[in-house]
Amino acid sequence: DLFVGASVVVFARQLKVTGYADDFTRSQLDTRKEKTCAIIKPHCYEKIGVILEAFQQAGLVVAHMRSLKLTRDQLAEGFQHLHEQPTFSELLDSMAEDFAVALELVGPNAVRALQDLAGPANPEEARARAPTSLRARYGRDGAQNAVHVSATADAAEREIRFFLGSPFPATATCRDCTLCCVLPHAHAAGHTGAILNTILEEGFEVSAIELTQLDRANASEFLEVYRTVVPEYTSMVDELCNGPVVVCEVRGENVVPSFRELCGPVDPEVAKHIRPQSVRARWGESKIRNAVHCTDLPEDGVLECEYFFRILPTHPL
């Protein structure tokens, strides 16, 4: 998807869209590719995948995403433009020191579209007036109302800059973990939410999430162990740097082999026969475009998570 700030691959070269070429293009695309900010609140942790899927089904493109654990003071700074609202203190209390997911979403009239999808701020009112909205379905009260959404385009710009542009530390523990990487083709097809929902429903913990884009050098380095092992190495690198990827630190009992079993065989056609409910059987297309990368060896789980969450620089796309 083309919008200012997006990264695109043209003839194997990564290019970043930095602005409009002329005023006519700006006038045609500005409202059609508006940006807004959403934050999935901690009490909806188990619904992260479902809510993300709702965003994607509504035609909103995930331009950036990261998990956060912020202090009350940090949240107060990020939401300072809301400090006069009567529910300001409750907003901070509902998110402080707990796992939340911030997203930059892009789409036609995105601010209004997200507000309509979220529904009224009070879940009781939402259930009466917009029963299919996110807050009607997952909200508990005025503070724990499933998602925070930007009120205006100016607020969205401030919130995106603070929550997605500030150098907050990653939430990854890099202990007893494995890596899940939703590949570019699966993310572009809108499968990220469904994949995350499957992971959570199977009882795994997702302790860190980040949407990023690898250049060819990083993709080659990350997959270096496969260079002399699999003939598809070059094609694997091509896919990994072909667009944004969503990387997750996943935790659970005996996590590397058990998560690898959930992902299924590398070849989706094989997966459909022997593990038809696996991630690759359901969302994979080929041995290269097979929905997800997951850690192969138990000793590599921490190393792969450290590579994405501690070694690579993280920044908004």
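Conventions we followed
Residues numbered from 1 in each chain as written. Predicted model: local features only at pLDDT ≥ 70, side-chain atom pairs only at ≥ 80, totals over all residues. Heavy atoms only, no water. Helix = DSSP H or I, 4+ residues; strand = E, 2+ residues; numbered from the N terminus. Buried < 20%, exposed > 50% of the residue type's maximum accessible area, 1.4 Å probe, protein only. Contact = heavy atoms within 4.5 Å. Areas by Shrake-Rupley, 256 points an atom, 1.4 Å probe, with all protein chains shown as cover. Polar contact = N/O pair within 3.5 Å; in protein donor to acceptor, adjacent residues only side chain to side chain. Pairing = 2+ DSSP bridges. Lys, Arg positive; Asp, Glu negative; His and termini not counted. Salt bridge = Lys/Arg side-chain N within 4 Å of Asp/Glu carboxyl O. Phe/Tyr/Trp six-rings, centres within 6.5 Å; stacked < 30°, edge-to-face > 60°.

**Student:** Looking at this structure, I do not really get the overall build of the protein chain. What am I missing?
**Tutor:** Counting secondary structure elements, the protein chain contains 16 helices and ten strands. Among the 317 residues that make up the protein chain, the fraction classed as buried is 51%. In the protein chain, the share of contacts with a sequence separation of at least 24, taken over all contacts with a separation of at least 6, comes to 74%. Total accessible area computed for the protein chain in this model is approximately 15,000 Å², and 49% of it derives from carbon and sulfur atoms.

**Student:** Can you walk me through the side chain of S150 in this structure?
**Tutor:** Mapped onto the elements, S150 comes out in the loop between strand 6 (147-149) and helix 8 (153-165). On the basis of relative accessibility, which here comes to 1%, the residue S150 falls in the buried class. A polar contact is formed between the side chain of S150 and the side chain of E159, at a distance of 2.6 Å. Each residue touching S150, except ones within four places of it in the same chain, is listed here: T36, C37, V111, Q115, A155, A156 and E159.

**Student:** Would you mind going over the pairing of strand 3 (residues 34-40) with me for this structure?
**Tutor:** Two faces belong to every sheet, and in a regular strand the side chains alternate between them. Burial of strand 3 is extensive: five of the seven residues sit out of reach of the surface. Relative to strand 5 (residues 100-107), strand 3 runs antiparallel, the two sharing seven bridges. Within strand 5, the position partnered with C37 by the bridge is E104. Both strand 3 and strand 6 contribute to a ladder of three bridges, which runs antiparallel. Note on strand 6: the bridge partner recorded for I40 is V147.

**Student:** Hey, could you run me through the side chain of E159 in this one?
**Tutor:** The residue E159 is located in helix 8 in this model. One buried charged side chain, E159, makes no salt bridge at all; its nearest oppositely charged neighbour is R158, positioned 6.7 Å away. A polar atom in the side chain of E159 sits 2.7 Å from the side chain of H81. Sequence-distant contacts of E159, that is, excluding residues within four places in its chain, are made with C37, G78, F79, H81, L82, H148, S150 and L164.

**Student:** Looking at this structure, I do not really get the packing of aromatic side chains. What am I missing?
**Tutor:** Aromatic ring pairs: the centre-centre distance and the angle between the two ring planes describe each pair. Considering all chains together, one arrives at eight aromatic pairs under this definition. With centroids separated by 5.6 Å and ring planes inclined at 90 degrees, the aromatic side chains of Y45 and F99 adopt a geometry described as edge-to-face. With Y45 in the loop between strand 3 and helix 2 (48-57) and F99 in the loop between helix 4 (88-95) and strand 5, the pair connects residues that are 54 residues apart, well separated along the chain. Looking at Y45, the relative accessible area reads 21%, which means it is partly exposed.

**Student:** Explain the environment of G193 to me, please; I cannot follow it from the model alone.
**Tutor:** Here G193 lies in helix 10 (residues 192-201). Classification of G193 as buried rests on a relative accessible area of 0%. Sequence separation between G193 and K47 is 146 residues; the distance between their C-alpha atoms is 9.5 Å. In this structure G193 touches G49, V50, L52, E53 and Q56, once residues within four positions along its chain are discounted.

**Student:** Explanation requested: the pattern of salt bridges in the structure shown.
**Tutor:** Working definition: two side chains of opposite charge can pair if their charged atoms are close together. Across all of its chains, the model carries twelve salt bridges by this definition. With a shortest N-O distance of 3.3 Å, D116 and R112 are connected by a salt bridge. One end of the pair, D116, and the other, R112, are both in helix 5 (residues 110-118), four residues apart, so they sit about a helical turn from each other. The exposure class assigned to D116 is partly exposed, which follows from its relative accessible area of 46%. By relative accessible area, R112 is classed as exposed at 53%. In this structure, K287 engages E232 in a salt bridge whose closest nitrogen and oxygen atoms are separated by 3.3 Å. Remark: E232 occurs in the loop between helix 11 (216-222) and helix 12 (233-240) and K287 occurs in the loop between helix 15 (279-283) and strand 10 (292-294); sequence separation between them is 55 residues. Assessed through its relative accessible area of 39%, K287 is described here as partly exposed.

**Student:** Would you mind showing me how to read unusual backbone geometry here?
**Tutor:** Trans is the prevailing form of peptide bonds, just as negative phi is the prevailing case for residues other than glycine. Of note, the phi angle at D176 is positive, near 45 degrees, even though the residue is not glycine. Summarising the element assignment, D176 is placed in the loop between helix 8 and strand 7 (177-182). Phi angles above zero are rare outside glycine, and A291 is one such case at about 80 degrees. Note on placement: A291 falls in the loop between helix 15 and strand 10. Given a relative accessible area of 0%, A291 falls into the buried group.

By themselves, these observations are geometric and do not establish any function.
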